[in-house]
2 protein chains.
Amino acid sequence: MEYFSGHISELIEQLASLPGIGSKTAQRLAFYIISMPVDKVERLSKALVETRKNVHYCKTCCTLTDADECPICSSPKRDHSTIMIVETDRDLAAYEKTGKYEGVYHVLHGAISPMLGIGPDDIKLRELMQRLQSDEVKEVIVATNSSLEGETTAMYISKLIKPTGIKVTRIASGVPVGGDLENIDEVTLLRALEGRVQL
Amino acid sequence: MEYFSGHISELIEQLASLPGIGSKTAQRLAFYIISMPVDKVERLSKALVETRKNVHYCKTCCTLTDADECPICSSPKRDHSTIMIVETDRDLAAYEKTGKYEGVYHVLHGAISPMLGIGPDDIKLRELMQRLQSDEVKEVIVATNSSLEGETTAMYISKLIKPTGIKVTRIASGVPVGGDLENIDEVTLLRALEGRVQL
């Protein structure tokens, strides 16, 4: 990077430290930023710091929010007796985009992974168990990813919750809609077979 | 994006307006930024504004620099009688990385493109002609891209400079080193044939 001036090198270096941004992309971004109007750069710069400083976990569901409680948790229109457990905020957003789920969420911010040294205490499980102490909750839908970590977490959660008598369900895994059978891996095909429903 | 809080949505929107960053990447970056230490976010934020405000064109070669004149133009070790003309600062960096070019540069910041409405006055050609008025310059190497715009610009520059008596050369085009002939387009193959040299 020593071919660019000090400021440019510094910016390229910082951009390249972000995930998924390699040194070529960082270069392209840095030059684009230099060509941007000053006020737009200032807005972006401010948005970075303001977001970092003002966003924190919702006191109920642990999603990221500006407020004390997120819009979903504070909405009287949502069904507060059904909690969907997801790994990340992006998974929550994916389900919200369907527009059909009316319950509330709980964001774990990770999944149990002995490989990466992430245990039950490193994700928001304590907060979940506290929430379940209110007798309002009737069903917990475990929507962790269909990966090894996601499945491990789902198993752990189901064992944790079962003694409380609350219904625990897991989202179905199977062939994606529009998926071509021939392109789908065997594990998914077996799951789809096991989970077959009567027509 | 309405599934995220105000600050997050705003940040995602601004990141997604950068070139090559789609909405999924912008989401991923925004969540990463929220998880970064505050001081790192502040450094990035500052780097954006400082770079935008302090970087400007070198008074000689129009490359982007913090100083009045860039390190290459102000170096007594470089051969100031040879000027390589490139389209962008990134092209300059690419040639600097070879470590073999000892002359100086001139950055056009674009190429002539009638399609995009970019004419000779929109790139740094006037600055180039002013430089050539010093009798120090012996050779101008045109290293614009090998695209339609790059070639048009090269032709235009050669016509512009020829009357001054300064030698004008064009970098060779042909088969890239390590390139497999069967995967190379016909135009390049013909160029490589035309430009053949005696062994």
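So, a few notes on the structure that sits alongside this text. (Residues numbered from 1 in each chain as written. Chains lettered and ligands numbered in written order. Predicted model: local features only at pLDDT ≥ 70, side-chain atom pairs only at ≥ 80, totals over all residues. Heavy atoms only, no water.)

A word on the relation of the copies chain B and chain A
Just so we agree on the cut-off: The fit set for superposing copies consists of C-alpha atoms from residues with pLDDT of at least 70 in both; the fit itself is least squares. Note on contacts: a residue pair is in contact if any heavy atoms of the two residues lie within 4.5 Å.
When chain B is fitted to chain A, the residual RMSD is 0.1 Å, and the transformation amounts to a turn of 180° plus an axial shift of 0.1 Å. Classification of the inter-copy transformation places it as that of a two-fold axis. Relative to the rotation axis, the closest C-alpha in chain B is found at Ser45(B), a distance of 2.2 Å. Here 100% of the contact residues of chain B are again contact residues in chain A; the copies associate through an equivalent surface.

Section: the pattern of salt bridges
For clarity, the threshold we go by: Think of a salt bridge as a Lys or Arg side-chain nitrogen and an Asp or Glu carboxyl oxygen that are within 4 Å of each other. Under the scheme used here, helices are H or I runs from DSSP no shorter than 4 residues and strands are E runs no shorter than 2 residues, and both carry numbers assigned from the N terminus. Residue burial is assigned from relative accessible area. The probe radius is 1.4 Å, only protein chains are included, and a residue is buried under 20% of its type maximum, exposed over 50%, and partly exposed in between.
Evaluation of the coordinates by the stated rule reveals ten salt bridges over all chains. Across the pair Glu42(A) and Lys53(B) runs a salt bridge whose closest N-O atoms are separated by 2.8 Å. Highlighted residues: Glu42(A) in helix 3 (residues 38-54) and Lys53(B) in helix 3 (residues 38-54), drawn from two different chains. Take Glu42(A): its relative accessible area is 33%, and that puts it in the partly exposed class. Arg191(A) serves as the salt-bridge partner of Glu151(A), at 3.3 Å between the closest nitrogen and oxygen. Of this pair, Glu151(A) sits in helix 6 (residues 148-161) while Arg191(A) sits in helix 7 (residues 186-194), and the two are 40 residues apart along the sequence. In this structure Glu151(A) comes out as partly exposed when scored by relative accessible area, which is 22%.

A short note on the interface of chain B and chain A
To keep it simple, the criterion reads: The term buried area denotes the loss of accessible surface (1.4 Å probe radius) that occurs when two parts are joined, taken as the sum for both partners. What qualifies as a polar contact is a pair of N or O atoms within 3.5 Å, subject to a donor-acceptor requirement within protein and to the restriction that residues adjacent in sequence count only when both atoms come from side chains. Under this grouping Gly is polar, as are all residues other than the nonpolar Ala, Val, Leu, Ile, Met, Phe, Trp, Tyr, Cys and Pro and the charged Asp, Glu, Lys and Arg.
In this complex, chain B contributes 48 residues to the contact, which on the side of chain A involves 48 residues. Here chain B and chain A share an interface that buries about 5000 Å² over both sides, 69% of which is from carbon and sulfur atoms. Between the two partners, chain B and chain A, sit two salt bridges. On the surface where chain B and chain A come into contact, there are 17 residue pairs in polar contact (both at pLDDT 80 or more). The set of elements that each furnish at least two residues to the side of chain B that touches chain A consists of helix 1 (6-16), helix 2 (23-35), helix 3, strand 2 (64-65) and helix 4 (89-98) of chain B. Looking at which element gives the most residues to the side of chain B that touches chain A, the answer is helix 3 of chain B, with 15 residues. Broken down by class, the residue content of the side of chain B that touches chain A amounts to 24 nonpolar, eleven polar and 13 charged.

Looking at unusual backbone geometry
Residues and elements named next belong to chain A. At His 109, a residue that is not glycine, the phi angle is positive and equals roughly 55°. In this structure, His 109 sits in the loop between strand 4 (103-107) and helix 5 (125-132). Given a relative accessible area of 25%, His 109 falls into the partly exposed group.

Re the pairing of strand 6 (residues 167-170) of chain A
All names here are of chain A. Stated formally: Strand pairing requires that DSSP identify at least two bridges connecting the strands. With the strands aimed away from the viewer, a crossover counts as right-handed if its path from the first strand over the helix to the second runs clockwise.
Pairing of strand 5 (residues 139-142) with strand 6 involves four bridges; the strand directions are parallel. Bridge assignment links Glu 139 to a residue of strand 6, and that residue is Lys 167. In this view, the connection linking strand 5 to its parallel neighbour strand 6 by way of helix 6 has right-handed handedness.

Some words on empty space enclosed by the protein
To find leftover empty space, one rolls a probe the size of a water molecule over the atoms. The condition that has to hold: Every definition here rests on a 1 Å grid over the protein atoms only: cavities are sets of points where a 1.4 Å probe fits but cannot get out, pockets are open sets enclosed by protein on both sides within 12 Å along at least five of seven lines, and lining residues have some atom within 4 Å of a point. Grid points are joined across faces, edges and corners, and a volume is the space filled by probe spheres set on the points.
The full count for this structure, using the stated rule, is one cavity of 30 Å³ or more. Of the pockets and cavities examined, the largest cavity occupies roughly 80 Å³. Here the residues of the lining of the largest cavity are counted per class, giving 14 nonpolar, no polar and no charged.

Section: the sheet that holds strand 4 of chain A
Residues and elements named next belong to chain A. Operational definition: Working convention: axes come from line fits to C-alpha atoms, limited for helices to the stretch in contact. Angles between N-to-C directions cover 0 to 180 degrees.
Read from one edge to the other, the open sheet built from four strands follows the order 4-3-5-6, with strand pairing classed as parallel. Each edge of the open sheet carries a strand with a single partner, namely strand 4 and strand 6. Direction aside, the axes of adjacent strands within the sheet are offset by 25° on average. Where strand 3 (residues 79-86) meets strand 4, five bridges bridge the pair, whose relative direction is parallel. Across the sheet, Ile 85 pairs through a bridge with His 106, a residue of strand 4. Along the sheet, helix 6 contacts strand 3, strand 5 and strand 6; its crossing angle with strand 6, the most-contacted strand, is approximately 170°.

Some remarks on the pairing of strand 3 of chain A
Sheet faces and side chains relate simply in a regular strand, where the side chains alternate between the two faces. All names here are of chain A. Burial runs high along strand 3: six of the eight residues are buried. Of the strand pairs in this sheet, strand 3 and strand 5 are connected by four bridges, and their pairing is parallel. Each residue of the ladder has a partner; that of Thr 82, found in strand 5, is Glu 139.

Notes on a positive patch on the surface
Operational definition: The patch calculation keeps residues exceeding 30% relative accessible area without a salt bridge and links them within 9 Å when they carry like charges or within 5 Å when they are nonpolar (Val, Leu, Ile, Met, Phe, Trp, Tyr). Here, Shrake-Rupley sampling with a 1.4 Å probe gives the accessible areas, and only protein chains in the shown set may cover a residue. The charge count includes Lys and Arg as positive and Asp and Glu as negative, but it does not include His or the ends of the chains. The atoms used to mark charge sites are NZ of Lys, CZ of Arg, CG of Asp and CD of Glu.
Among the surface-exposed residues, Lys24(A), Arg28(A), Arg90(B) and Lys97(B) lie close enough to one another that they form a single positively charged patch. The topology assignment puts Lys24(A) in helix 2 (residues 23-35). Note on Lys24(A): relative accessible area 66%, which makes it exposed.

Looking at the layout of surface pockets
Considering only enclosed or pocket space, the largest pocket measures out at about 360 Å³ in volume. In this structure, the largest pocket is lined by 15 residues; those nearest its centre are Phe31(A), Ser35(A), Tyr57(B), Leu64(B) and His109(B). Secondary-structure elements contributing two or more residues to the lining of the largest pocket are helix 2 of chain A together with helix 4 of chain B. No other element matches the five residues that helix 2 of chain A contributes to the lining of the largest pocket.

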